[in-house]
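Summary of structural features
Below, each chain spelled out in residue letters.
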Amino acid sequence: MSTSKTIKSALISVFHKDGLAPIVKKLDELNVTIYSTGGTEKFIKEQGIAVVPVDEVTSYPSILGGRVKTLHPKVFGGILNRQDNESDVAELAAFDIPQIDLVIVDLYPFEKTVASGAAEQDIVEKIDIGGISLIRASAKNFKDTFTVSSMDQYESFLSILSENNGETSIEQRKKFAAKSFNISSHYDTAIFNYFNEDEIVYKASEQTSKVLRYGENPHQKGYFFGDLEAMFEKLHGKELSYNNLLDLDAAVNLIGEFKGEAPTFAILKHNNACGFAQRETIKQAYIDALAGDPISAFGGVLIANTEINKETAEEIHSLFCEVVIAPSFSEDALTVLKGKKNRIILIQKDIALPNTTVRTCLNGSLIQDKDHITDRLEDLKYVTDSKPTHRELDDLLFASKLCKNTKSNTIILVKNKQLLAGGTGQTSRVDALNQAIEKATSFKFDLNGCVMASDAFFPFPDCVEIADKAGIKSVIQPGGSIKDQLSIAYCNENNLSMVMTGTRHFKH
């Protein structure tokens, strides 16, 4: 038996009618009988095309304010019957049920209604019942029925219709059925997530995706699921890679801690800041950020919290960097930065980021609330006899924000709102501190008077002792160790100031 089917009848009932006219005109040319309801029926008639109202088939009008229009055996029987099953064919004849070969149905815009801030009653009314039932029924019976479930499919379906004079293959019908189940499952996920308040269930569905050049390494496939265009406006450069996107995520989260503050510039490499500074001008902020580690900055991701001007762009241009991000760029700055054809230039848009983080773990997923706590002046507990100066307090809070956004175990050294060095991703806090000191001294920074931030408590006084001998004068850490007093005692004996925040900021 042939698996190709010729469309002779169609049920059309859609919310979105843009792009529908060419399809109904083509169906009319092919002498396809069209069934429809409500606004779609009216639209088809306005095209000068004959249409059979569904209520003439069912002998029931649309009822309950339009809630029930197509939920009827004469509709679903026409869609779900198996044309190679003698019993199904006999029942169609016995009950005078018309065969339906094509279903063009989309869904009410539930997600858009939720996003608009509409009242719950309006949101509930956008939960499609008939439409999703028709889509699922038609897709289930793909061996006999063709399903078009979104206006995004109109163009490709019209091509099939035109090229083959209404004849469709089993491969085409199955492909469109898969699209339909993708749409229906996404729709149900959105509805569940809207209603769910108590169930600890993870349901996620993302329709927008991007195929990346490769994953973390060239032998790995990579994909991004999400709407990058909502996040950034790309002005120039090559396609973003998997590793670029990880760095962008780290960069955006870090610079977000300094939104609305004085000009701030960050340089990141492998998800950690290797250069960071805040100054009166964005040019000077960049120069001092670069000074923090001009070696690691090579091939890095750069981000600013304010517009990048020509003077700053000229400084940046001499550095090989993968990506430059800012809220805006002056026109002459863009002219300079576009001088490197592969350099990616992005305008960061002001949109809300997810409140949770998700990562695969073993044979499942780990999900947690994002670390939204930023240490503030009023959160600090002054635990030593010596108290930080105003300048040191500014540096401590500055360092704490950096520390929160650096891989654990980490120690951050800051002086005059400039990152001198960081120890990142170490297996011990002592190793992290020694790494930071060694790195800062290798770039000729004077550590006398600088401050130190730690992402977690000190179980022993060894870190404050090492810091003291390096010239560090003030420390910020969460506290919480049963041996906190040992570190406090050392600070008191050696005239160091230390504050505790009460909040740990591990980042793994």
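Look a little higher up for the structure.
Attention in this report is confined to the structure presented alongside it. Quantities reported herein were computed from a predicted structural model and do not represent experimental measurements. (Residues numbered from 1 in each chain as written. Predicted model: local features only at pLDDT ≥ 70, side-chain atom pairs only at ≥ 80, totals over all residues. Heavy atoms only, no water.)

**Here we look at the overall build of the protein chain**
Scanning the protein chain from N- to C-terminus turns up 19 helices and 23 strands. Compactness check: the protein chain gives a C-alpha radius of gyration of 31 Å against a globular reference of 23 Å for 508 residues, more than 25% above the reference. Dimensions along the principal axes, computed over C-alpha positions, put the protein chain at roughly 100 × 55 × 40 Å. The buried share among the 508 residues of the protein chain stands at 47%. (Helix = DSSP H or I, 4+ residues; strand = E, 2+ residues; numbered from the N terminus. Rg over C-alpha atoms; globule rule 2.2 N^0.38 Å. Buried < 20%, exposed > 50% of the residue type's maximum accessible area, 1.4 Å probe, protein only.)

**So, unusual backbone geometry**
Omega for the peptide link from Ser 408 to Asn 409 comes to -15 degrees, which places this bond in the cis form. Here Asn 409 shows up in the loop between helix 16 (390-404) and strand 19 (411-414). Despite not being glycine, Lys 417 shows a phi value in the positive range, around 55 degrees. On the accessibility criterion, Lys 417 (26% relative accessible area) is partly exposed.

**Comments concerning the sheet that holds strand 18 (residues 381-382)**
Backbone hydrogen bonds hold the strands of a sheet together, and the pairing may be parallel or antiparallel. Spatial ordering of the open sheet is given by 18-23-22-21-19-20, a layout of six strands whose pairing is mixed. If you trace the sheet from one side to the other, it starts and ends with strand 18 and strand 20 (419-423), each paired once. As paired strands, strand 18 and strand 23 (residues 497-500) are joined by two bridges and run antiparallel to one another. Note on strand 23: the bridge partner recorded for Tyr 382 is Val 499. Here helix 17 (residues 429-442) sits on the sheet in contact with strand 19, strand 20 and strand 21 (451-454), set at roughly 145 degrees to strand 20. (Pairing = 2+ DSSP bridges. Contact = heavy atoms within 4.5 Å. Axes fitted to C-alpha atoms, helices over the stretch in contact; angles between N-to-C directions.)

**Structural notes on the pattern of salt bridges**
Applying the stated criterion across every chain, the model contains 18 salt bridges. Among the salt bridges present, the one from Asp 144 reaches Lys 5, with a minimum N-O distance of 3.1 Å. Highlighted residues: Asp 144 in the loop between helix 8 (130-140) and strand 6 (146-148) and Lys 5 in strand 1 (residues 5-6), separated in sequence by 139 residues. In terms of burial, Asp 144 and Lys 5 fall into one category: buried. Among the salt bridges present, the one from Asp 455 reaches Arg 429, with a minimum N-O distance of 2.3 Å. (Salt bridge = Lys/Arg side-chain N within 4 Å of Asp/Glu carboxyl O.)

**Description of the environment of Pro 459**
Looking at the secondary structure, you find Pro 459 in the loop between strand 21 and helix 18 (462-470). The partly exposed category is assigned to Pro 459, whose relative accessible area is 35%. In this structure the C-alpha to C-alpha distance between Pro 459 and Val 323, which are 136 residues apart in sequence, comes to 39 Å. Residues within four places of Pro 459 in sequence aside, it is in contact with Ser 481 and Lys 483.

**Observations regarding the packing of helix 17 against helix 18**
Running from N to C, helix 17 and helix 18 cross one another at 10 degrees; their axes reach a closest spacing of 9 Å. Our classification of the angle between helix 17 and helix 18 gives roughly parallel. Handedness of the crossing formed by helix 17 with helix 18: right-handed. From helix 17, Arg 429, Val 430, Leu 433, Asn 434 and Ile 437 reach across to helix 18, where they touch Asp 462, Cys 463, Ile 466, Ala 467 and Ala 470. Of the residues that constitute the contact of helix 17 with helix 18, the class distribution is seven nonpolar, one polar and two charged. (Parallel < 35°, antiparallel > 145°, perpendicular 65-115°, else oblique. Left-handed = near helix turned anticlockwise from the far one by under 90°. Nonpolar A, V, L, I, M, F, W, Y, C, P; charged D, E, K, R; others polar.)

**A closer look at the environment of Arg 279**
Following the sequence through the fold, Arg 279 ends up in the loop between strand 12 (272-278) and helix 13 (282-291). On the accessibility criterion, Arg 279 (18% relative accessible area) is buried. Considering only alpha carbons, one finds Arg 279 and Gln 418, 139 residues apart in sequence, at a separation of 8.7 Å. Setting aside its immediate chain neighbours within four residues, Arg 279 contacts Ala 262, Pro 263, Gln 284, Ala 285, Asp 288, Asn 416, Lys 417 and Gln 418.

**Here's the deal with a nonpolar patch on the surface**
A contiguous nonpolar patch, built from Tyr 202, Val 358 and Ile 367 and spanning about 280 Å² of accessible area, is present on the exposed surface. Tracing the backbone shows Tyr 202 in the loop between helix 10 (170-195) and strand 8 (209-211). (Patch = residues over 30% accessible without salt bridge, like charges linked within 9 Å, V, L, I, M, F, W, Y side chains within 5 Å. Areas by Shrake-Rupley, 256 points an atom, 1.4 Å probe, with all protein chains shown as cover.)

**A closer look at the sheet that holds strand 5 (residues 102-105)**
The five strands lie next to each other as 4-3-2-5-6, forming an open sheet whose pairing is parallel. A strand with exactly one partner marks an edge of an open sheet, and here the two such strands are strand 4 (52-53) and strand 6. Pairing between strand 5 and strand 6: three bridges, direction parallel. Following the sheet pairing, Val 103 is matched in strand 6 by Thr 147. Its contacts with the sheet place helix 1 (residues 21-29) against strand 2 (9-13), strand 3 (33-36) and strand 5, and it is angled at close to 160 degrees to strand 2. Relative to the sheet, helix 9 (residues 154-163) contacts strand 5 and strand 6, its axis offset from that of strand 6 by approximately 145 degrees.

**A short note on helix 12 (residues 242-256)**
Here helix 12 is 15 residues long and its end C-alpha atoms lie 21 Å apart, about the 21 Å a rise of 1.5 Å per residue gives. By the burial criterion, the buried members of helix 12 are Asn 244, Leu 245, Asp 247, Leu 248, Ala 250, Ala 251, Val 252, Leu 254 and Ile 255. (Expected span 1.5 Å × (residues − 1).)

**Brief notes about the packing of aromatic side chains**
Evaluation of the coordinates by the stated rule reveals 12 aromatic pairs. Each ring, one from Phe 110 and one from Tyr 187, has its centre 6.2 Å from the other, and the planes form 65 degrees; the classification is edge-to-face. Within this pair, whereas Phe 110 is found in helix 6 (residues 110-115), its partner Tyr 187 is found in helix 10, the two being separated by 77 residues in sequence. Given the relative accessible area of 7%, Tyr 187 is considered buried. Over the ring of Phe 176 we find Lys 179, and its NZ or CZ is 5.9 Å from the ring centre. Note that Lys 401 overlies the ring of Phe 258, its terminal NZ or CZ placed 4.7 Å from the centroid. (Phe/Tyr/Trp six-rings, centres within 6.5 Å; stacked < 30°, edge-to-face > 60°. Lys NZ or Arg CZ within 6 Å of the ring centre and 35° of its normal.)

**Some details on the nonpolar core**
Core analysis: the biggest nonpolar cluster contains 38 residues, and Leu 248, Phe 276 and Leu 402 have the highest contact counts within it. Residues in contact with Leu 248, not counting those within four places in the same chain, are Phe 232, Leu 240, Val 301, Val 323, Ile 325 and Leu 346. Core analysis: the next-biggest nonpolar cluster, separate from the first, contains 26 residues, Leu 420, Ile 437, Tyr 490 and Leu 496 among them. (Core = buried A, V, L, I, M, F, W, Y, C linked by side-chain atoms within 4.5 Å.)

**Let's talk about helix 19 (residues 484-493)**
Among the residues of helix 19, Asp 484, Ser 487, Ile 488, Tyr 490 and Cys 491 are the ones counted as buried. Down the axis of helix 19, the buried set is contained in an arc of 160 degrees. They therefore lie on one face. Opposite the packed face of helix 19, turned more than 90 degrees from it, sit the exposed residues Gln 485 and Glu 493. Elements in contact with the buried residues of helix 19: helix 18, strand 22 (474-477) and strand 23. Of the residues trailing helix 19, Asn 495 is marked for its positive phi of about 60 degrees. (Arc of directions from axis to C-beta.)

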